[in-house]
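# Close look at the chain arrangement
These are the residues of each chain, in order.
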Amino acid sequence: MAQFLASSDRSVSDDASIWQNLKYAISASSGFQRWQLERHTQLQGLRLDQQVQKYLRETLETLAY
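Each value, and the rule that gives it
Residues numbered from 1 in each chain as written. Predicted model: local features only at pLDDT ≥ 70, side-chain atom pairs only at ≥ 80, totals over all residues. Heavy atoms only, no water. Helix = DSSP H or I, 4+ residues; strand = E, 2+ residues; numbered from the N terminus. Buried < 20%, exposed > 50% of the residue type's maximum accessible area, 1.4 Å probe, protein only. Contact = heavy atoms within 4.5 Å. Axes fitted to C-alpha atoms, helices over the stretch in contact; angles between N-to-C directions. Parallel < 35°, antiparallel > 145°, perpendicular 65-115°, else oblique. Left-handed = near helix turned anticlockwise from the far one by under 90°. Nonpolar A, V, L, I, M, F, W, Y, C, P; charged D, E, K, R; others polar. Salt bridge = Lys/Arg side-chain N within 4 Å of Asp/Glu carboxyl O. Arc of directions from axis to C-beta.

## Here we look at the environment of Leu 46
- If you trace the backbone, Leu 46 turns up in the loop between helix H3 (40-43) and helix H4 (48-64).
- Note on Leu 46: relative accessible area 29%, which makes it partly exposed.
- Ignoring anything within four residues of it in the chain, the contact list for Leu 46 reads Gln 51 and Lys 54.

Now the structure itself:
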């Protein structure tokens, strides 16, 4: 069974590494790429971090309905 560490047991570099891997996995997904194409003009000037956060927020808002 997988073990999960409390946030106080993880280092900031571990969290950053997890976010990097997650961010790249999401950005490689077909759903994210389609979303990016649909919102191209709205995303200009945003870093990949910001785009992924916006994508996740919109996706979760949609799922909440």
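Resuming the write-up.
## Some words on the packing of helix H1 (residues 12-27) against H4
- Contact geometry of H1 with H4 gives a least axis separation of 10 Å together with a crossing angle of 70 degrees. Comparing the axis directions of H1 and H4 gives the class roughly perpendicular. Crossing handedness for the pair H1 and H4: left-handed. Side by side, H1 and H4 meet where Trp 19, Lys 23, Tyr 24, Ile 26 and Ser 27 of the first sit next to Leu 48, Asp 49, Val 52, Gln 53, Tyr 55 and Leu 56 of the second.
- Broken down by class, the residue content of the contact of H1 with H4 amounts to seven nonpolar, two polar and two charged.

## Details of the pattern of salt bridges
- A full pass over the atoms with the stated rule returns four salt bridges.
- A salt bridge links Glu 58 to Lys 54; the shortest N-O distance between them is 3.6 Å. Remark: Lys 54 and Glu 58 occur in helix H4; sequence separation between them is four residues, near one turn of the helix.
- Accessibility expressed as a relative area gives 25% for Lys 54, which makes it partly exposed.
- Each member of the salt-bridge network shares a partner with another, and the members are Glu 38, Arg 39, Lys 54 and Glu 58.

## Some remarks on the side chain of Ser 27
- Its place among the elements puts Ser 27 in helix H1.
- Look at Ser 27 and you get buried, because its relative accessible area is 15%.
- Setting aside chain neighbours within four positions, we find Ser 27 in contact with Phe 32, Gln 33 and Leu 48.

## Some remarks on helix H2 (residues 30-38)
- Residues of H2 that are buried include every one of Gly 31, Phe 32 and Trp 35, and no others. Down the axis of H2, the sector holding all buried residues measures 95 degrees, keeping them to one side. Every exposed residue of H2 that faces more than 90 degrees away from the buried side is listed here: Ser 30 and Leu 37.

Function cannot be inferred from these measures alone, as they are strictly geometric.
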